[in-house]
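Structural features, examined
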Amino acid sequence: QVHLKESGGGLVQPGGSLRLSCAPSGIAYSINDMGWYRQALGKERELVASITTGGTTNYAESVKGRFTISRNNVKIAIYLQMNNLKPEDTAVYYCNAATTTMTREYLEVWGQGTLVTVSS
């Protein structure tokens, strides 16, 4: 099974920037679409950005123009560059991967999350 490890979260002032990284490890037939989700206190987990193996991206309206998702298909890792952060961006950010197992089954994999706090 694929395992995901996020890093890069922390405390930042409004208007600041952070870069999140997600490093997969383990075994799968393939790792397909990947993305970043976030969950604020008392809120549902929501999609922030996703990226396909071909590099097609999708963003939540609230982060368009501020966040950029990228993918390294050699290292098999994804990143989230977050600029002009706002207090409402405060959340636990989770890396997600849609994988195909060695037996050709679909398996959704989540990281443990990294906390981003935007506050002055």
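Described below are features of the structure shown in this document. Values in this document were obtained by computation on a predicted structure and should not be read as measured data. (Residues numbered from 1 in each chain as written. Predicted model: local features only at pLDDT ≥ 70, side-chain atom pairs only at ≥ 80, totals over all residues. Heavy atoms only, no water.)

Some remarks on the state of the cysteines
What counts, and what does not: Our working definition of a disulfide is a cysteine sulfur pair at a distance within 2.5 Å. Under the scheme used here, helices are H or I runs from DSSP no shorter than 4 residues and strands are E runs no shorter than 2 residues, and both carry numbers assigned from the N terminus. Buried residues are those whose accessible area, probed at 1.4 Å on protein chains only, stays under 20% of the maximum for their type, while exposed residues exceed 50% and partly exposed ones sit between those limits.
A complete count under the given rule lists 1 disulfide for this structure. With a sulfur-sulfur separation of 2.0 Å, Cys22 is cross-linked through a disulfide to Cys95. On the sign convention where negative is left-handed, the bridge of Cys22 and Cys95, at about -85° about the S-S bond, is left-handed. Taken as a pair, Cys22 in strand E3 (residues 18-26) and Cys95 in strand E9 (residues 91-100) lie far apart in primary sequence, 73 residues in all. Note on Cys22: relative accessible area 1%, which makes it buried.

Re the nonpolar core
What counts, and what does not: Only buried Ala, Val, Leu, Ile, Met, Phe, Trp, Tyr and Cys residues count toward a nonpolar core, and they belong to the same one when joined by side-chain atoms within 4.5 Å. Only heavy atoms matter for contacts: two residues are in contact if any of them lie within 4.5 Å across the pair.
Grouped together as the largest cluster of nonpolar side chains are 28 residues, with contacts concentrated most on Trp36, Leu80, Met82 and Tyr93. For this core, the elements supplying multiple residues, two or more each, are strand E1 (2-7), E3, strand E4 (30-39), strand E5 (46-51), strand E7 (67-72), strand E8 (77-82), E9 and strand E11 (114-118). Ranked by the residues each element gives to this core, the list is headed by E9, at 4 residues. Among all residues touching Met82, those that are not within four sequence positions of it are Gly16, Ser17, Leu18, Leu20, Arg66, Phe67, Tyr93 and Val116.

Observations concerning the environment of Val12
Of note, Val12 is situated in strand E2 (residues 10-12). Looking at Val12, the relative accessible area reads 11%, which means it is buried. Sequence separation between Val12 and Ile69 is 57 residues, and the spatial gap between their C-alpha atoms is 19 Å.

Regarding the packing of aromatic side chains
Applicable threshold: Pairs were defined over the aromatic rings of Phe, Tyr and Trp, the Trp ring being its six-membered one, requiring ring centres within 6.5 Å. Orientation was assigned from the angle between planes: stacked under 30 degrees, edge-to-face over 60, tilted for the rest. Charge-over-ring placement is defined geometrically: NZ (Lys) or CZ (Arg) within 6 Å of the ring centre, and within 35 degrees of the ring normal.
Overall, the coordinates contain 1 aromatic pair when judged by the stated rule. Directly above the aromatic system of Tyr94 lies the positively charged group of Arg45, at a separation of 3.7 Å from the ring centroid. Here the guanidinium or amino end of Arg104 rests over the ring plane of Tyr29, the centre of that ring lying 3.6 Å away.

A word on a nonpolar patch on the surface
Applied cut-off: The patches reported here contain residues having more than 30% relative accessible area and no salt bridge. Joining distances are 9 Å for like charges and 5 Å for nonpolar side chains (Val, Leu, Ile, Met, Phe, Trp, Tyr). Accessible surface area values rest on a Shrake-Rupley calculation with a 1.4 Å probe, where residue burial reflects the displayed protein chains alone. Whenever Lys or Arg places a side-chain nitrogen within 4 Å of a carboxyl oxygen from Asp or Glu, that contact is recorded as a salt bridge.
A contiguous nonpolar patch, built from Ile27, Tyr29 and Met102 and spanning about 360 Å² of accessible area, is present on the exposed surface. Examined against the element boundaries, Met102 turns out to sit in the loop between E9 and strand E10 (106-110). Given the relative accessible area of 52%, Met102 is considered exposed.

Comments concerning the pairing of E1
The line we're drawing: Note: two strands are recorded as paired if DSSP finds a minimum of 2 bridges between them.
The two faces of E1 differ: Val2, Leu4 and Glu6 on one face are buried, but His3, Lys5 and Ser7 on the other face are not. Direction of pairing for E1 relative to E3: antiparallel, over a ladder of 6 bridges. Looking at the pairing, Val2 lines up with Gly26 of E3.

Topic: the pattern of salt bridges
Oppositely charged side chains can form a pair if their charged atoms are brought close together. Considering all chains together, one arrives at 4 salt bridges under this definition. Among the salt bridges present, the one from Lys64 reaches Glu61, with a minimum N-O distance of 2.7 Å. For Lys64, a relative accessible area of 44% gives the class partly exposed. Taking the shortest distance from any N to any O, the salt bridge between Asp89 and Arg66 comes out at 2.7 Å. Here the residue Asp89 occupies a position in the loop between E8 and E9, and Arg66 occupies one in the loop between strand E6 (57-59) and E7, the gap between them amounting to 23 residues. Since its relative accessible area comes to 0%, Asp89 is described here as buried. A single salt-bridge network, built from bridges that share partners, covers Arg38, Glu46, Arg66 and Asp89.

Take it as geometry only, folks, not as evidence of what the structure does.
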